[in-house]
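In case you want the letters, here they are:
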Amino acid sequence: MTAAPDAVAREVAARLEAAAPLNAVLHWSAGGIEAEARRVAAMPSAGPLHAVPLAVKDNIATLDAPTTCASRILEGYRSPFEATALRRLRAAGAMLVAKTNLDEFAMGSSTEHSAFGRVHHPLDPARVPGGSSGGSAALVAAGVVPAALGSETGGSVRQPAAFCGVVGVKPSYGRVSRYGLVAFGSSLDCISVFGRTVGDAARVLATMSGHDPLDATTLAEPPLAVPETPTSLAGMTVGLPTEYFPADLDPGVRAGVDRVAAALRELGATVTEVSLPHSRYAVPTYYIVAPAEASANLARYDGVRYGPPRPEHEADLRALYRATRGRGFGPEVRRRILVGTYVLSAGYYEAYYGTAQRMRARIAGDFRAAFERVDLLLTPTAPTTAFRAGEKTEDPVAMYLADVFVCPASLAGLPALSLPAGRSEGLPVGAQLIAPAGQDTRMLAVAAALEERVVAAGEVR
Amino acid sequence: MTWETVIGLEVHVQLATASKMFCGCAAVFGEEPNTNVCPVCLGLPGALPVPNAEAVRLGTVAALALECTVHPASVFARKNYFYPDLPKGYQISQYDRPLATGGRLAVESPDRGPITVGITRLHLEEDAGKSLHDRFPGLTAVDLNRAGVPLAEIVSEPDLRSPAEARAYLGAIKQLLVFAGVSDCSMEKGHLRVDANVSVRRAGEAAFGTKTEVKNVNSFANVERALEAERDRQIAVLEGGGRVEQVSLLFNAASGEVRPMRAKEESHDYRYFPDPDLPPLVLEPGWVAAQRDALPELPDAKRARLMAEHGLSGYDAQVVTAEPALADYYEAVVTAGAEPKLAANWVMSEVLADQNAAGALRVAPARLAALIGLVQEGTVSLQAAKKIFAEVAVSDGDPAETARRLGLVQVRDAGALERWVDEVLAAHPEEVARYRAGETKLLGFLVGQVMKRSQGQADPKGVQPVLRRKLG
Amino acid sequence: MTISRDEVLHIARLAEIAVDEAELATLVSQLNRIVDYVAQLEAAPDEGQGDDFLPGPARVALRDDRVRSEPLAHPPAALAPAWRDGYFVVPRLSAMEDA
Ligand SMILES: [Mg+2]
Ligand SMILES: [Zn+2]
């Protein structure tokens, strides 16, 4: 990427134009990109991300472009403040070029649940790019931008990274500020990053990470470092959790992950089997915890302080609430709010939410125990390659199971990433690395070492 | 049939911080609507709460003053309900793990004398904004300036047995919190708000009756009136063979009646759960101990000390410790050399009256001490001293100097006294005759006449012997 | 069926979400599908009461009590769906006037 901001602006605008059929972008304008280029050109010194064009998921608050979360309820909403992570990236010279499409409020695994139409997979328009950060994933995969911000609650960056064949990194919970990330499941939400390469993703992650006095869940730690790429992984032990390799795992996916395991051995690492027995409960645990938190987080969309204009006199206040929320939220968001309301309601709290909180502790405990034996875990990112649009929209639970391998690290707050691991029948396969909390940089270093050997692997099956 | 009333109170006090509970907006009163707001207290998408250290400290101080156990870890929770002045659709409060539990407060009950009222819990929470239902016809107007202001909610045990006792409890808790520097407890500004739970039972019964909740009453006097009205209503229902429904009620101060709040469409189910935006609130035991050590002298201790050190009566001690500023003032007057009992008399009369009229303690403690000294040594009369006090309140002049300037120094010169006495005896021959005929109580009248003739300057103690001698 | 039609209507009221009669049957069946699925947790082997788990800091960091409002790039009036004389306005609902 050339470092002249105005040239970058022109190139990116042209590529965004060309990528329009993907429906990956909700808001962009040539004028907006030019303004960003002028801002960056006027910076007194070139920052570490000088003139890097960045696409940003539309659930991250931006000052100039709308922030809609792909929801009718926020149509036209312009945030009067900017997310901390984005502020840091722009201060480092990055240019915000587009707000990307997503499953409404980041609830989904295919980017089909957007109020503004589904995102198409860059390699096969009949397929989904994964989700919920499908727009950002597709733009990086299509070569429009070298890196993009997404958000994870239960795998919403890693899973689309796997489907689209790009790098997707979720940091340790608490290492990147959530201030300005529209909340879905606050104890799970992480601003996360897509990169064409591990290095691109790592530089963006390092720049936006670090303690934020505006987010009480950030850790009092310095920003993450950009990793050096090691030439050998001798002395490192990587665990393969048996529960993540079920008998019915897609053979192409299995072959891709095997390829990564082989590369690890080639680099001198020891690969061994481990067990994470409670991970099988991760999806049901997640689908209690996340909707419960969401039911409260989405209560603020009541049509009182912001939202589309409306007549002053509606029938009554409750009618206003119910119409605003009933019409403004799409079906999947409504389902999750209702499930979350149900599991927190009188008489059910203990059976659902209480049980899920304890299971969450056990899932995290499994990881802690495993990391006493191994340095890193290797699993498939998703059980299949990108599926066809419409394939899972009728059965919400079938859609949820697309996140079966990515949910556990989210529940445990661990850093995890998806690395392209070749293709199966023309579609990308992703391999997931999971590291102990705080070991983000080490995980990225391993990914960088593997990158050369596996990304260009081509067909693995 | 005799009935016993059982009352428990929930008091919300605004903590005296500069900024709001979870954002940096000013915690002030009386700004233009919706000007004192930010992404956090507007509940904008993506905004997050960060707790105010001073609110935590003041809540802890309040808990310690109430002799609560302050917990090493407490948890903020979301209380979910929809209301137009609740920006996030939930209030950040504390639920099953509050800041503090298990305290007590000494109260002087008008019915039972000294009692101890249990404090169930004290927790921290944020205030909602204000809904104005009469600002525009058919609309509710919402002002979010108050949204997010820090509150401590203090819940008492159902230990109160009459509306008057409830009022006494409120007076005691307000005084305690003001002395502890936790809150100004101004009811006019809404910095202290009261919800009262009340039930009645037949005397001697152990089980509680069904309780109702009287919400948001705007003065201590009205709390008492509202509770009386609700107690009477419940007794009437029960004596009529009916059953008390568990409802929330509002008090109409104009009519003196309570009426049930219009039924909510949906019964409340607040769906509390720990706020995932806020890790646990952990307080180091050493820090809590330091807050305990730093507690100012609280009203009870201060009263006991004033009674022991200065020989004040319980009543006098009560009056001079009504407010921290008054108590400090009293002690400063004594420190400046005034006799403690005389100082208390002055504080309870002239000083309080002047404070009520002028809104400030205008006479410096050293000036009042000097004035009390002038009375004690006979330089000025008590009557004159009150005039001097009023003058000093305005001029801040030296009391002795002021006495001279106003001609209020008592005349003890024998020649002058005799002259006034002679003039009075000459002017009242009839009274003189009656006195000499044995009507000795007329001496007082004659002293008064001398004082009048001297325009108050004569020393009454000097006048009497002269009169007796001349009449004798 | 774990959640009845009436329960769905009840939670929809709690969540202040209008549900059309036409979509109710589908919604009831979808919610049951989801709740039945997550209910498998209750059948997980009981390993006794464990601790809860939350990622991130073990204790909350507090903010100094300084007045420093995060700025708004545009004022509340610019956000408000309905605004009059400095106030957000909503239809008056008598049943809610009392709190
Ligand atoms: Mg409360
Ligand atoms: Zn604020």
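Residues numbered from 1 in each chain as written. Chains lettered and ligands numbered in written order. Predicted model: local features only at pLDDT ≥ 70, side-chain atom pairs only at ≥ 80, totals over all residues. Heavy atoms only, no water.

(A) Up close: the overall build of chain C. Looking only at helices and strands, one finds three helices and two strands in chain C. When the helices and strands of chain C are listed from N to C terminus, the series reads α-α-α-β-β. Computed over the C-alpha atoms, the radius of gyration of chain C is 22 Å, more than 25% above the 13 Å expected from 2.2 N^0.38 for a compact globule of 99 residues. Taken along its principal axes, the extent of the C-alpha atoms in chain C is 55 × 45 × 30 Å. Here chain C, with 99 residues, has 41% of them falling under the buried criterion. Carbon together with sulfur atoms contributes 48% to the accessible area of chain C, which is approximately 5100 Å² in total. Separation between the mean location of the 9 positive side-chain charges and that of the 18 negative ones in chain C comes to 10 Å. (Helix = DSSP H or I, 4+ residues; strand = E, 2+ residues; numbered from the N terminus. Rg over C-alpha atoms; globule rule 2.2 N^0.38 Å. Buried < 20%, exposed > 50% of the residue type's maximum accessible area, 1.4 Å probe, protein only. Areas by Shrake-Rupley, 256 points an atom, 1.4 Å probe, with all protein chains shown as cover. Lys, Arg positive; Asp, Glu negative; His and termini not counted. Charge placed at Lys NZ, Arg CZ, Asp CG, Glu CD.)

(B) Representation of the packing of aromatic side chains within the structure. In this structure the tally under the stated criterion is 24 aromatic pairs over all chains. Ring plane angle 50 degrees and centroid distance 5.5 Å describe the contact between Tyr321(A) and Phe82(B), whose orientation is recorded as tilted. Of this pair, Tyr321(A) sits in helix H9 (residues 317-328) while Phe82(B) sits in the loop between strand S4 (76-80) and strand S5 (90-94), each in a different chain. Like Phe82(B), Tyr321(A) is buried. Of note, Arg84(C) hangs over the ring of Phe136(B), and the distance from its end group to the ring centre comes to 5.0 Å. (Phe/Tyr/Trp six-rings, centres within 6.5 Å; stacked < 30°, edge-to-face > 60°. Lys NZ or Arg CZ within 6 Å of the ring centre and 35° of its normal.)

(C) Highlighting the interface of chain C and chain B. Between chain C and chain B, the contact holds 39 residues from the first and 53 residues from the second. Buried area between chain C and chain B, summed over both chains or domains, comes out near 4200 Å², and the portion from carbon and sulfur atoms is 61%. Summed over the shared surface of chain C and chain B, the result is one salt bridge. Arg59(C) is the partner of Glu284(B) in a salt bridge, and the nearest nitrogen-oxygen pair spans 2.6 Å. Put simply, chain C and chain B have 18 residue pairs in polar contact (both at pLDDT 80 or more) between them. (Contact = heavy atoms within 4.5 Å. Buried area = accessible area lost by both parts, 1.4 Å probe. Salt bridge = Lys/Arg side-chain N within 4 Å of Asp/Glu carboxyl O. Polar contact = N/O pair within 3.5 Å; in protein donor to acceptor, adjacent residues only side chain to side chain.)

(D) Quick look at the interface of chain C and chain A. In this complex, chain C contributes 56 residues to the contact, which on the side of chain A involves 73 residues. The contact between chain C and chain A buries some 5600 Å² in all, and 66% of this surface belongs to carbon and sulfur atoms. Along the contact surface separating chain C from chain A lie four salt bridges. In this structure, the salt-bridge partner of Asp395(A) is Arg33(C), at a minimum N-O distance of 2.8 Å.

(E) Spotlight on the coordination of the magnesium ion (ligand 1). Residues and elements named next belong to chain B. Distances from the magnesium ion (ligand 1) to its protein donors, His12 (NE2), Glu125 (OE), Glu125 (OE) and Glu153 (OE), fall within 1.9 to 2.7 Å. Positions of the donor residues of the magnesium ion (ligand 1) along the chain correspond to the pattern H-x112-E-x27-E. Of this pair, His12 sits in strand S1 (residues 3-14) while Glu153 sits in strand S10 (residues 150-156), and the two are 141 residues apart along the sequence. Exposure class is identical for His12 and Glu153. Each is buried. (Donors = N, O, S within 2.8 Å, 3.2 Å for Na, K, Ca; no water.)

(F) Representation of the pattern of salt bridges. By the definition in use, this model includes 54 salt bridges over all chains. Notably, a salt bridge pairs Lys99(A) with Asp58(A), separated by 2.8 Å at the nearest N-O pair. Of this pair, Lys99(A) sits in strand S3 (residues 95-100) while Asp58(A) sits in the loop between strand S2 (53-57) and helix H3 (84-91); the two residues are 41 residues apart in sequence, bridging distant segments of the chain. Ionic pairing is found between Arg358(A) and Glu350(A), a salt bridge with its closest N-O pair at 3.0 Å. Several salt bridges converge on common partners, so that one network encompasses Arg178(A), Asp215(A), Arg78(B), Asp275(B) and Asp277(B).

(G) Broad picture of the confidence of the model for chain C. Of all residues in chain C, 91% attain a pLDDT of 70 or more, and the chain-wide mean is 89. Note that residues 95-99 of chain C has pLDDT below 50 and, in this model, 21 contacts with residues that lie over four places away or in other chains. (pLDDT = per-residue confidence, 0-100.)

(H) Structural context of the coordination of the zinc ion (ligand 2). Residue and element names in this part refer to chain B. Distances from the zinc ion (ligand 2) to its protein donors, Cys23 (SG), Cys25 (SG), Cys38 (SG) and Cys41 (SG), fall within 2.3 to 2.4 Å. Bound by four donor atoms, the zinc ion (ligand 2) shows angles of 101 to 118 degrees at the metal and therefore tetrahedral coordination geometry. The sequence motif formed by the donor residues of the zinc ion (ligand 2) is C-x1-C-x12-C-x2-C. On the basis of relative accessibility, which here comes to 6%, the residue Cys41 falls in the buried class. (Tetrahedral: all angles 85-135°; square planar, octahedral: opposite > 155°, others 65-115°.)

(I) Layout of the environment of Pro291(A). All names here are of chain A. Here Pro291 shows up in helix H8 (residues 282-297). For the pair Pro291 and Phe184, spaced 107 residues apart in the sequence, the C-alpha separation amounts to 8.1 Å. Not counting residues up to four positions away in its chain, the partners in contact with Pro291 are Tyr286, Arg336, Val339 and Gly340.

(J) View of helix H15 (residues 460-471) of chain B. Residue and element names in this part refer to chain B. Along its 12 residues, H15 runs 16 Å from first to last C-alpha, staying within 8% of the 16 Å computed at 1.5 Å per residue. Inspection of H15 places Gly462, Val463, Val466, Leu467 and Leu471 among the buried residues, and these make up the whole buried set. One side of H15 holds all its buried residues, which, seen down the axis, span an arc of 145 degrees. What points out from H15, more than 90 degrees from its buried face, is the exposed set Lys461 and Arg469. Buried residues belonging to H15 abut helix H12 (414-427), helix H13 (429-436) and helix H14 (442-453). You can read the cap of H15 off the contacts: a side-chain oxygen lies 3.0 Å from the backbone nitrogen of Lys461, and it is on Asp459. (Expected span 1.5 Å × (residues − 1). Arc of directions from axis to C-beta.)

(K) Representation of unusual backbone geometry. Of note, the amide linkage connecting Gly131(A) to Ser132(A) takes the cis form, showing an omega dihedral of 10 degrees. Structurally, Ser132(A) is set in the loop between S3 and helix H4 (134-141). The backbone phi angle of Ala51(A) is positive, close to 60 degrees, even though this residue is not glycine. With respect to the helices and strands, Ala51(A) occurs in the loop between helix H2 (30-41) and S2. In this structure, Cys185(B) takes a positive phi of about 55 degrees despite not being glycine. Looking at the secondary structure, you find Cys185(B) in the loop between helix H2 (163-179) and strand S11 (192-202).

(L) How the structure looks around helix H2 (residues 21-38) of chain C. The first and last C-alpha atoms of H2(C) sit 26 Å apart over 18 residues, in line with the 26 Å expected at 1.5 Å per residue. Of the positions making up H2(C), those classed as buried are Leu24(C), Leu27(C), Val28(C), Gln30(C), Leu31(C), Asn32(C), Ile34(C), Val35(C), Tyr37(C) and Val38(C). Its buried side turned inward, H2(C) meets H8, helix H10 (331-344), helix H11 (349-370) and helix H12 (396-400) of chain A together with helix H1 (5-14) of chain C.

(M) Here's a closer look at the pairing of strand S8 (residues 270-274) of chain A. Residues and elements named next belong to chain A. Bridge count between strand S7 (residues 237-241) and S8: five bridges; the pairing is parallel. Bridge pairing in S8 links Pro241 to Val274. Between the parallel elements S7 and S8, the chain passes through helix H7 (residues 251-266) in a crossover that is right-handed. (Pairing = 2+ DSSP bridges. Right-handed = clockwise from strand over helix to strand, strands pointing away.)

(N) Up close: the sheet that holds strand S9 (residues 139-143) of chain B. What the four strands build is an open sheet, ordered S8(B)-S9(B)-S2(C)-S1(C); its pairing is antiparallel. Because the sheet does not close on itself, it has two edges, and the strands there are strand S8 (130-136) of chain B together with strand S1 (83-84) of chain C. As paired elements, S8(B) and S9(B) share four bridges and run antiparallel to each other. Within S9(B), the residue paired with Ser131(B) across the bridge is Val142(B).

(O) Local environment of the nonpolar core. By size, the foremost hydrophobic cluster in this structure holds 234 residues, and its most contacted members are Phe105(A), Met208(A), Leu264(A), Phe367(A), Leu378(A), Leu450(A) and Tyr169(B). Here this core gets 10 residues from one element, more than from any other, and that element is H8(A). Setting aside chain neighbours within four positions, we find Phe105(A) in contact with Cys69(A), Ser71(A), Ile73(A), Leu74(A), Val182(A), Phe184(A), Leu298(A), Tyr301(A), Phe329(A) and Val333(A). Counting 31 residues, the second-largest nonpolar core is a separate cluster that includes Leu22(A), Val40(A), Val144(A) and Ala161(A). (Core = buried A, V, L, I, M, F, W, Y, C linked by side-chain atoms within 4.5 Å.)

(P) Representation of the sheet that holds S11(B) in the model. Residues and elements named next belong to chain B. On the basis of which strands lie adjacent, the open sheet formed by nine strands has the order S2-S6-S7-S10-S1-S11-S12-S13-S14 and mixed pairing. Where the open sheet ends on each side, the last strands, each with one partner, are strand S2 (69-70) and strand S14 (257-260). Taken together, the four bridges between S11 and strand S12 (residues 212-217) define a ladder with antiparallel strand orientation. Pairing of Asn197 across the sheet is with Glu213, part of S12.

(Q) Geometry of the side chain of Ser418(A). Residues and elements named next belong to chain A. As for its position among the elements, Ser418 is in strand S10 (residues 416-424). Reaching out from Ser418, the side chain makes a polar contact with the side chain of Thr381 at a distance of 2.8 Å. Leave out the neighbours within four places in its chain, and Ser418 touches Arg158, Ala161, Ala162, Val166, Val167, Gly168, Thr381, Gly430, Ala431 and Gln432.

(R) Structural context of the packing of helix H9 (residues 365-376) of chain B against helix H10 (residues 382-395) of chain B. Residue and element names in this part refer to chain B. One can describe the packing of H9 onto H10 by two numbers: an axis separation of 10 Å at closest approach and a directional angle of 160 degrees. As summarised for this structure, H9 and H10 are arranged roughly antiparallel, according to the angle between their axes. Seen from above, H9 lies across H10 with right-handed handedness. Facing Arg367, Leu368, Leu371 and Val375 of H9, the residues of H10 in contact are Leu382, Ala385, Ile388, Phe389 and Val392. Of the residues that constitute the contact of H9 with H10, the class distribution is eight nonpolar, no polar and one charged. (Axes fitted to C-alpha atoms, helices over the stretch in contact; angles between N-to-C directions. Parallel < 35°, antiparallel > 145°, perpendicular 65-115°, else oblique. Left-handed = near helix turned anticlockwise from the far one by under 90°. Nonpolar A, V, L, I, M, F, W, Y, C, P; charged D, E, K, R; others polar.)

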